[in-house]
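Results of the structural survey
As a plain string of letters, each chain reads:
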4 protein chains.
Amino acid sequence: MPTDPYTTSLHYDRRLYKQDIAGSIAHARMLARQGIISPQDAEAIIHGLEDIQDEIEDGLFPWKPELEDLHMNIEARLYEKIGEAAGRLHTARSRNDQVNVDVRLYTKEAIAGAIQRIRRLQEALLKVAQDNLETIVPGYTHMQRAQPVLLSHHYLAYFHMLQRDRERFQECLRRVDVLPLGSGALAGVPYPIDRKFVAAELGFSRISDNSMDTVADRDFIAEYLANAALCMAHLSRLAEEIVLWSSAEFDFLSLDDKYVTGSSIMPQKRNPDFAELARGKTGRVYGHLIGLLTVLKGLPLTYNRDLQEDKEGLFDTVDTLHATLDVFAGMIATAQFNKERMRQAAEESYVLATDLADYLVARGVPFREAHAFMARLVAYASTRRKPFRDLTLAEYHRFSSKFGQDVYQVTVEASVAARDVPGGTALPQVKKQLEQAQALLQQG
Amino acid sequence: MPTDPYTTSLHYDRRLYKQDIAGSIAHARMLARQGIISPQDAEAIIHGLEDIQDEIEDGLFPWKPELEDLHMNIEARLYEKIGEAAGRLHTARSRNDQVNVDVRLYTKEAIAGAIQRIRRLQEALLKVAQDNLETIVPGYTHMQRAQPVLLSHHYLAYFHMLQRDRERFQECLRRVDVLPLGSGALAGVPYPIDRKFVAAELGFSRISDNSMDTVADRDFIAEYLANAALCMAHLSRLAEEIVLWSSAEFDFLSLDDKYVTGSSIMPQKRNPDFAELARGKTGRVYGHLIGLLTVLKGLPLTYNRDLQEDKEGLFDTVDTLHATLDVFAGMIATAQFNKERMRQAAEESYVLATDLADYLVARGVPFREAHAFMARLVAYASTRRKPFRDLTLAEYHRFSSKFGQDVYQVTVEASVAARDVPGGTALPQVKKQLEQAQALLQQG
Amino acid sequence: MPTDPYTTSLHYDRRLYKQDIAGSIAHARMLARQGIISPQDAEAIIHGLEDIQDEIEDGLFPWKPELEDLHMNIEARLYEKIGEAAGRLHTARSRNDQVNVDVRLYTKEAIAGAIQRIRRLQEALLKVAQDNLETIVPGYTHMQRAQPVLLSHHYLAYFHMLQRDRERFQECLRRVDVLPLGSGALAGVPYPIDRKFVAAELGFSRISDNSMDTVADRDFIAEYLANAALCMAHLSRLAEEIVLWSSAEFDFLSLDDKYVTGSSIMPQKRNPDFAELARGKTGRVYGHLIGLLTVLKGLPLTYNRDLQEDKEGLFDTVDTLHATLDVFAGMIATAQFNKERMRQAAEESYVLATDLADYLVARGVPFREAHAFMARLVAYASTRRKPFRDLTLAEYHRFSSKFGQDVYQVTVEASVAARDVPGGTALPQVKKQLEQAQALLQQG
Amino acid sequence: MPTDPYTTSLHYDRRLYKQDIAGSIAHARMLARQGIISPQDAEAIIHGLEDIQDEIEDGLFPWKPELEDLHMNIEARLYEKIGEAAGRLHTARSRNDQVNVDVRLYTKEAIAGAIQRIRRLQEALLKVAQDNLETIVPGYTHMQRAQPVLLSHHYLAYFHMLQRDRERFQECLRRVDVLPLGSGALAGVPYPIDRKFVAAELGFSRISDNSMDTVADRDFIAEYLANAALCMAHLSRLAEEIVLWSSAEFDFLSLDDKYVTGSSIMPQKRNPDFAELARGKTGRVYGHLIGLLTVLKGLPLTYNRDLQEDKEGLFDTVDTLHATLDVFAGMIATAQFNKERMRQAAEESYVLATDLADYLVARGVPFREAHAFMARLVAYASTRRKPFRDLTLAEYHRFSSKFGQDVYQVTVEASVAARDVPGGTALPQVKKQLEQAQALLQQG
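Quick caveat, the model's predicted, so the values are computed rather than measured. (Residues numbered from 1 in each chain as written. Chains lettered and ligands numbered in written order. Predicted model: local features only at pLDDT ≥ 70, side-chain atom pairs only at ≥ 80, totals over all residues. Heavy atoms only, no water.)

Turning next to the overall build of chain A. When its secondary structure is counted, chain A shows 18 helices and six strands. Scaling as 2.2 N^0.38, a compact globule of 444 residues should have a C-alpha radius of gyration of about 22 Å, whereas chain A reaches 30 Å, well beyond that. The buried share of chain A, taken over its 444 residues, is 68%. Contacts in chain A between residues far apart in sequence, at least 24 positions, make up 76% of those at least 6 positions apart. Distance from the positive charge centre (52 side chains) to the negative charge centre (61 side chains) of chain A: 7 Å. (Helix = DSSP H or I, 4+ residues; strand = E, 2+ residues; numbered from the N terminus. Rg over C-alpha atoms; globule rule 2.2 N^0.38 Å. Buried < 20%, exposed > 50% of the residue type's maximum accessible area, 1.4 Å probe, protein only. Contact = heavy atoms within 4.5 Å. Lys, Arg positive; Asp, Glu negative; His and termini not counted. Charge placed at Lys NZ, Arg CZ, Asp CG, Glu CD.)

Following this line, the structure appears as structure tokens:
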């Protein structure tokens, strides 16, 4: 039948050539081993395919868009090279079988690539955490300065988000790592094939259980996309923070020149374009997830051509996720932290209000009263634009007689040190977290 | 501060009362154990909370919407009951800590509920598979009859989709099953609390690693929603098939009266409303997923009030998923299969064309030629509305002289039996699948 | 047939009681007018329905969940009140007809409500714009201070976003404002009804064109949701800005106490919870949109029960949008702007770099050179933490000899005044914009 | 600064070259007209740009990926051609201004293209409707045969869905058709430009009102995407129906060979791949919509680099929508309808049950009773697999004595003819609908 641009996929499925050839070679080998085709045919097929791989990698392959997809291109070329034996490669294998193998091999590599890149970004975060065990920064809730924390502690939070991403990808791998080949059009094939041999050849851990499910299944892509979406959500959170921290208002962070761009009009600009783009690209990945979920909705068994729509979103997500993780690893590793400014932001604000309330509680003031005193004291001090440390003891006494000279020992350091519980921001705890994080990095 | 309907959550967070009270009791017990509050206070608190739980369950609790949320309602009531000691319950615990514990406990139960219901539906599918080891039905690709399969094989495909859902929920559980309490506002708490004790009391497997991450983290909900969305996608596929198979055109399936509704106007209608609604409710769950992903996008550390938007979508998804799984378990268990009609659909169609092409190939006709012959033969037969078995040998010979008398032995039974590879539709393979499936059901 | 919670809708469709009764009364009146039912029956029906409306509004209506939905409840109650005549109300009308009328009437009101609330928010924005014709604030690109603008100009930007929202809702109304009644189950009704009369009674501008389309159509809801989603996107942008501007770092804006909440732990906190929640609620509305689009995907003609899923998302979106618009109108109207701080932010930064480059260009320096000089000058000044105005002429001369004494006349005021093009930030232009905006507000 | 693949857009923004050059020419012309640049410079710029357009169209343009985007490529090339004057083209214009003009011009054309293609599909639908004024087909609700309708009526339903799409695109155009140029970086430009002249040159109906809004605004793309999503939803509904109607079970419809594909394995297959792909591509468009909405969520004023993510989704949506509309126009125009089979499906089923109930009602049986009788009669007949017309009068009498000989006059024709209300399926009404539809097609 003639080709139509509407159904053509060559422009995007070309990227699967390596997987496609590997899958075909394993299949040919198995067919010969089982006596389904002759050893001579198998050899011709395998050599032909190896030639074709060379041609593709050398840029010499004669791609023909009119042949619709990668598979027809390779098939036609193999025929030109080895003649009729080429046709025997398709014994006991459907087109769906073949594409399915390709995409599963590709997704396995994509997951490995994501895991490796996440680990690299985690390393960059750990490095920052290691280098900032004494850097104090305001911790925020509601974008309001809340309590002082170690910068180290702050960046370890992102380490753990990514750790969960890594776990999810790892687990998802189990469901991708399954050989589909042997499902035929939908019912299995009427040949004595050896599916486990092919699985072993291609490095799949197991073979699929039910041919109809296998033909209809795109769960592994949906699951990959959901994991990628959540990972991008995490990166968008970090991106937002980088954008804010690079602003004149925060001024906590200075990005390396490699990660800022200037303006054609405004000479003073150092725009955090990479972080902004990363934040924006979150939308694209969410979109690909919803796109595939929409495709799957209400689709009866088994194969329907709608499923061809699985690939472009997958490919774009893989490219986006890999590139974004790479950008963040570099951006975090080269960022300069303005420790001075961070500490000042902590000290000039009222992040110690909780600690001062606790101070009063420790001196017998009921919690709610202490809280109310402090609210009034903060209002007083902020109207006068005075940080706590600049208030006199007399001023403190206006709010509660329980304040003593030792109120001046309630410092950001003391506040941090007091949160000495597992997971808390006190130095010993953060050091433990660092060790755990190192261990997690080694693990998998 | 005064309450505003915009920020109020009581109308939906009430459902967390059990988790909230359990969390508070465990916290109180720990505080006393660590000497942070007195044993007397702890006892008063615990008894007070137990009373409150009784009041709620007996419908006697005086809910006050003006108190904004569940937590303030319980807190205020506890104060009425035991006075000042009530306030001491909040030592070393933030509101976020508390809500976080509640939602994690709730999600753990929701996952357990989903897993149990998926298993029940799997059982119903297995029962159908068990009962239909000899029922032949056309297998479809592109909604066109493709090759004959066992009905048993067909329903096992859905078993495996659900098996993957079950695995995903199980894995997700690991990341939900983490005690957040002890994170305070964001930095940890300045009290010598024992987080592991609280975790043990509440049945959490471990404690969270980093307080800032813990406060900002809603991954476990997003992951639950993604798993639910994929599970609903599966159910929507089955729903679509049930709707089609119940139509006059297919007539493969007759739903139990419990799962059809009539029409106020059309007396003949037996509408598969439950399946349709299930298919439609897929949209709602996709929507909740995209809703939470949108909330998370670009949100800096740590807590931001946007995160309050995590709960309604979660609750509605849990209700929808549980109810839909229950409906399917019942609907599948009670459906009547029209085996006669299925077999007839297989036999009157051209689903044996592949097998007849294979027949020719086995007699030396090259694959492509055999395929072309068969395409012409199908065109000939379908114009005359004759099934293959009604063609004379003379008619077969118009297309190829290789056809012999044994062409009449190419039957749907023979076709099914020929697909005797792991995962294929031949009876021995399907029996193996059934055993595997039984084993998987026992497992977890 | 028995009711099942899965198909029940009473808990959410109760809110349509007014529309339902109005629709029934108009239908009854028409039936009598056309001689399809007797005048006596019509009168009994109308009085019965009016009674029922009173009962509902007085909280006396005996709702029965086992009757599944609003319509069955009213129908059964009417039967109790007036006996057999009640049944004649359903002559020439299907349940779908009836529900469709209700939802279209409801959506018309929802759109009117949205338009009115948008206008109120636009008024609040105009008030701020009016009051700040001389307030200078840094304009931002990439979250970096870029060029000085009038605060007035800044808030007029939001006015125009909302103006487009208003237009879209207005246009959408045309497609909602169509009487569906008379479509029957799908094919029209076999009675001489007068659809135009009913349309006129209920205030619909026209009747629908094709009964099958009418029964299957939920476009008007999807369109409403898309408009609401875009409107929420706008509000989320403003919300983000309010959150940032209320931070210690920006300190441009102080929200009224009504729109901040405190912290149970941190006495100093004034959290912009309303703005955060509004930003978060964007996710919920995006979710409802994608939910309905998912429902519609691949649904054949005409009615399928999936379509029952249209209502909850609609209702929640209406509630969310109305409440959010109300919150913003109040929040903007009561916000205090820290003009001092805004001006200082503009003056202490390098937002005049573009103007200084233009200054050099005007003195014959090629554009690219001027831009490069300024980039270096900014680097020099920012290292020394000096604003431009504190640089000496000698310092300026290090970068270009073209700088003269008049460089000190390049001020934020001069910069603003220079952008004197339609749509620009110069005062005369902003005044024109204000007039246009006032005119647009009057219009519709 | 050096280019990075992460920020590069050349691979997709190349398609805007025509719009970019047109925009620049108009800008140059205006600059000269206002005396901002010399006439000689303007002429050089215009000729240079015209040369460049020729080079691009002849495939001779030396694209340089390292120059990041289309605009830098053209700018650099113009410099090579005309030297320093090239730089003066950027007077009074920012990069955002330029890109914004390009995308708005592109979107205007995209909308015109969509409108034209929708009209072509509407014409194809009208042709089918015209040709099938006497073809009777079962109308469906819940995928169950409900009442007989004219095929003409059925396809007019799709005409009206598309009519609404056309209206929405038309209205959206108003908000796209606005010149952004003159907004500068965000505040307007400090030159006496003439925005209305540029608007007129480029065919824009008006100029934008507020520079900050203009820079930040991507509403017009979001609105285009929402309209495209709803249009694809409609096409997915038609696609689903085509898939079903082409199945062996329905057999209502035979697609032209151009719109089916065969199977590599199954010689009998005629798969409706185009309809399936169209249904699947709905997901991609939904995804692009949610992608852009995600980008916009929480983005403060004015330009942020996230907004660069607006283009790829737009371009892919335009390509998808255009191609899909073209496919449907051809597919519908060439489809063969199996009128025989449709009529048979109507006659052999119980779609006349409503009419028979009405028959009884007309003979004095109360509605509910008549409905109940018919339900029992249908059960009786369907168990015996007898259509109504094959029941004897004696059999009818078992259910109600009111049945007379004239019961055999209740035919599908009579049923259709009885629905003689505006919008109903009776022939005179459908003819009126056809006339209206023709008029709507002429309109706009």
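From this point, things continue past the structure.
Where interface size is quoted, it is often the accessible area lost as the parts come together. On the chain A side, the residues contacting the 40 residues of chain D number 40 residues. Note on chain D versus chain A: buried area summed over both sides is about 3,600 Å², and carbon and sulfur give 63% of it. Here chain D and chain A share 10 salt bridges between them. With a closest N to O distance of 2.3 Å, Arg-284 of chain D and Glu-312 of chain A form a salt bridge. Taken together, chain D and chain A are joined by 14 residue pairs in polar contact (both at pLDDT 80 or more). At the level of elements, helix H11 (273–296) and helix H12 (311–334) of chain D are the ones that each hand at least two residues to the side of chain D that touches chain A. Top contributing element to the side of chain D that touches chain A by residue count: H11 of chain D, with 17 residues. (Buried area = accessible area lost by both parts, 1.4 Å probe. Salt bridge = Lys/Arg side-chain N within 4 Å of Asp/Glu carboxyl O. Polar contact = N/O pair within 3.5 Å; in protein donor to acceptor, adjacent residues only side chain to side chain.)

Turning to the packing of aromatic side chains, a few remarks are in order. Inspection of every chain in the model, using the stated rule, returns 64 aromatic pairs over all chains. Ring centres 5.4 Å apart and planes at 65° place the aromatic pair Tyr-380 of chain A and Phe-399 of chain A in the edge-to-face group. Remark: Phe-399 of chain A occurs in the loop between helix H16 (393–397) and helix H17 (412–418) and Tyr-380 of chain A occurs in helix H15 (residues 367–383); sequence separation between them is 19 residues. Note on accessibility: Tyr-380 of chain A and Phe-399 of chain A belong to one class, buried. Ring centres of Trp-245 of chain B and Phe-252 of chain B lie 5.2 Å apart, and the angle between their planes is 75°; on these two criteria the pair is classed as edge-to-face. Take Trp-245 of chain B and Phe-252 of chain B: they sit in the same class, and that class is buried. Ring pairing ties together the aromatic residues Tyr-140, Tyr-155, Tyr-158, Trp-245, Phe-250, Phe-252 and Phe-337 of chain A, which thus form one cluster. The lysine or arginine in question, Arg-363 of chain A, covers the ring of Tyr-359 of chain A, its NZ or CZ lying 3.6 Å from the ring centre. In this arrangement the basic side chain of Arg-104 of chain B is found over the ring face of Phe-220 of chain B, its NZ or CZ atom lying 4.1 Å from the centre. (Phe/Tyr/Trp six-rings, centres within 6.5 Å; stacked < 30°, edge-to-face > 60°. Lys NZ or Arg CZ within 6 Å of the ring centre and 35° of its normal.)

So, on to the domain arrangement of chain A. Segmentation of chain A into domains returns domain 1 (5–91), domain 2 (96–343) and domain 3 (345–442). One C-alpha centre belongs to domain 1 of chain A, the other to domain 3 of chain A; they are set 69 Å apart. (Domains from an automatic or database assignment.)

With that settled, the discussion passes to the relation of the copies chain A and chain B. With an RMSD of 0.1 Å, the fit of chain A onto chain B corresponds to turning through 180° and sliding 0.0 Å along the axis. Those values place the two copies in the arrangement expected of a two-fold rotation axis. Within chain A, Ala-226 of chain A has its C-alpha nearest the rotation axis, a separation of 3.2 Å. Looking at chain A, 100% of its interface residues are interface residues in chain B too, so the copies touch through the same face. (Least-squares fit on C-alpha atoms with pLDDT ≥ 70 in both.)

With that settled, consider the pattern of salt bridges. A complete count under the given rule lists 189 salt bridges over all chains for this structure. We note a salt bridge from Glu-240 of chain A to Arg-279 of chain A, for which the minimum N-O separation is 2.9 Å. With a gap of 39 residues between them, Glu-240 of chain A in helix H10 (residues 219–245) and Arg-279 of chain A in helix H11 (residues 273–296) connect regions that are remote in the sequence. Two residues, Glu-80 of chain D and Lys-64 of chain D, come together in a salt bridge whose shortest N-O distance is 3.4 Å. Taken as a pair, Glu-80 of chain D in helix H4 (residues 70–82) and Lys-64 of chain D in the loop between helix H3 (39–57) and H4 lie far apart in primary sequence, 16 residues in all. Owing to a relative accessible area of 29%, Lys-64 of chain D belongs among the partly exposed residues under this scheme. One connected set of salt bridges, linked through shared partners, spans Arg-104, Arg-174, Arg-175, Asp-213, Asp-217, Asp-219 and Glu-223 of chain A together with Arg-164, Asp-165, Glu-167, Arg-168 and Glu-171 of chain B.

What follows concerns a negative patch on the surface. A cluster of like negative charges, contributed by Glu-50, Asp-51, Asp-54, Glu-57 and Asp-58 of chain A, occupies part of the molecular surface. Its place among the elements puts Glu-50 of chain A in helix H3 (residues 39–57). (Patch = residues over 30% accessible without salt bridge, like charges linked within 9 Å, V, L, I, M, F, W, Y side chains within 5 Å. Areas by Shrake-Rupley, 256 points an atom, 1.4 Å probe, with all protein chains shown as cover.)

So, on to the interface of chain A and chain B. Each partner contributes to the interface: chain A provides 83 residues, whereas chain B provides 83 residues. For the pair chain A and chain B, the number of links is 20 salt bridges. Among the ionic pairs, Asp-219 of chain B bridges to Arg-168 of chain A, the shortest N-O distance being 3.4 Å. Taken together, the links from chain A to chain B amount to 46 residue pairs in polar contact (both at pLDDT 80 or more). Of all elements in the fold, only strand S1 (136–141), strand S2 (144–150), helix H7 (151–176), helix H9 (211–216), H10, H11 and helix H18 (427–443) of chain A reach the threshold of two or more residues within the side of chain A that touches chain B. Across the side of chain A that touches chain B, the residue classes tally to 37 nonpolar, 23 polar and 23 charged. (Nonpolar A, V, L, I, M, F, W, Y, C, P; charged D, E, K, R; others polar.)

Another aspect to go through is the relation of the copies chain D and chain A. Screw-axis analysis of chain D against chain A gives a translation of 0.0 Å along the axis, an RMSD of 0.1 Å, and a rotation angle of 180°. An overlap of 100% is found between the interface residues of chain D and their copies at the interface of chain A, pointing to a shared contact surface.

Glancing now at unusual backbone geometry. For the peptide bond that leads from Leu-301 of chain A to Thr-302 of chain A, omega is -10°, which places it in the cis range. Phi is positive for Glu-68 of chain B, which is not a glycine, with a value near 75°. Assessed through its relative accessible area of 19%, Glu-68 of chain B is described here as buried. In the Ramachandran plot, Arg-385 of chain C falls in the positive-phi region, its phi being about 55° despite a non-glycine side chain. As for its position among the elements, Arg-385 of chain C is in the loop between helix H15 (367–383) and helix H16 (393–397). Since its relative accessible area comes to 63%, Arg-385 of chain C is described here as exposed.

This paragraph deals with the side chain of Arg-104 of chain B. All names here are of chain B. Within the secondary structure, Arg-104 sits in helix H6 (residues 95–131). Owing to a relative accessible area of 3%, Arg-104 belongs among the buried residues under this scheme. Not counting residues within four places of it along the chain, the set of residues in contact with Arg-104 comprises Arg-175, Val-176, Val-178, Pro-180, Phe-204, Asp-217 and Phe-220.

We now examine the environment of Ile-242 of chain D. Residues and elements named next belong to chain D. Tracing the sequence through the fold places Ile-242 in helix H10 (residues 219–245). A residue is classified by how much of its surface remains accessible, and Ile-242, at 2% relative accessible area, is buried. In sequence terms Ile-242 and Leu-255 are 13 residues apart; their C-alpha atoms lie 8.5 Å from each other. Ignoring any residue separated from it by four or fewer positions in sequence, one finds Ile-242 in contact with Leu-253, Leu-255, Ala-275, Phe-328, Met-331 and Ile-332.

The next point concerns helix H13 (residues 339–348) of chain B. The α-helix advances 3.6 residues per turn, and as a result positions three or four apart in sequence lie on the same side. Residues and elements named next belong to chain B. Along H13, the positions that sit buried rather than exposed are Arg-341, Met-342, Ala-345 and Ala-346. An end-on view of H13 places all buried positions within 140° of arc, on one side of the element. Against the buried residues of H13 lie strand S1 (136–141), strand S2 (144–150), helix H7 (151–176), helix H10 (219–245), strand S6 (336–337) and helix H17 (412–418). (Arc of directions from axis to C-beta.)

Attention now moves to the confidence of the model for chain A. Mean pLDDT over chain A: 95, with 99% of residues reaching 70 or higher. As a predicted assembly, this complex carries a pTM of 0.97 together with an ipTM value of 0.96. (pLDDT = per-residue confidence, 0-100.)

Its 13 residues give helix H4 (residues 70–82) of chain C an end-to-end C-alpha distance of 18 Å, which sits within 8% of 18 Å, the value for a rise of 1.5 Å per residue. Among the residues of H4 of chain C, those classed as buried are Leu-70, His-71, Asn-73, Ile-74, Glu-75, Arg-77 and Leu-78 of chain C. Buried-residue contacts for H4 of chain C involve helix H1 (10–13), helix H2 (17–33), helix H3 (39–57), helix H5 (85–88) and helix H6 (95–131) of chain C together with helix H15 (367–383) of chain D. Within two residues after H4 of chain C, Gly-83 of chain C carries a phi angle of roughly 70°, on the positive side. (Expected span 1.5 Å × (residues − 1).)

Right, let's get into the pairing of S1 of chain A. Residues and elements named next belong to chain A. By the criterion of burial, S1 is predominantly enclosed, with six of the six residues buried. Pairing analysis gives six bridges linking S1 to S2, with the strands arranged antiparallel. Counted as the bridge partner of Tyr-140 is Arg-145 from S2. Counted along the chain from S1 to the antiparallel partner S2, the turn is two residues long, and its residue His-142 has a positive phi close to 55°. (Pairing = 2+ DSSP bridges.)

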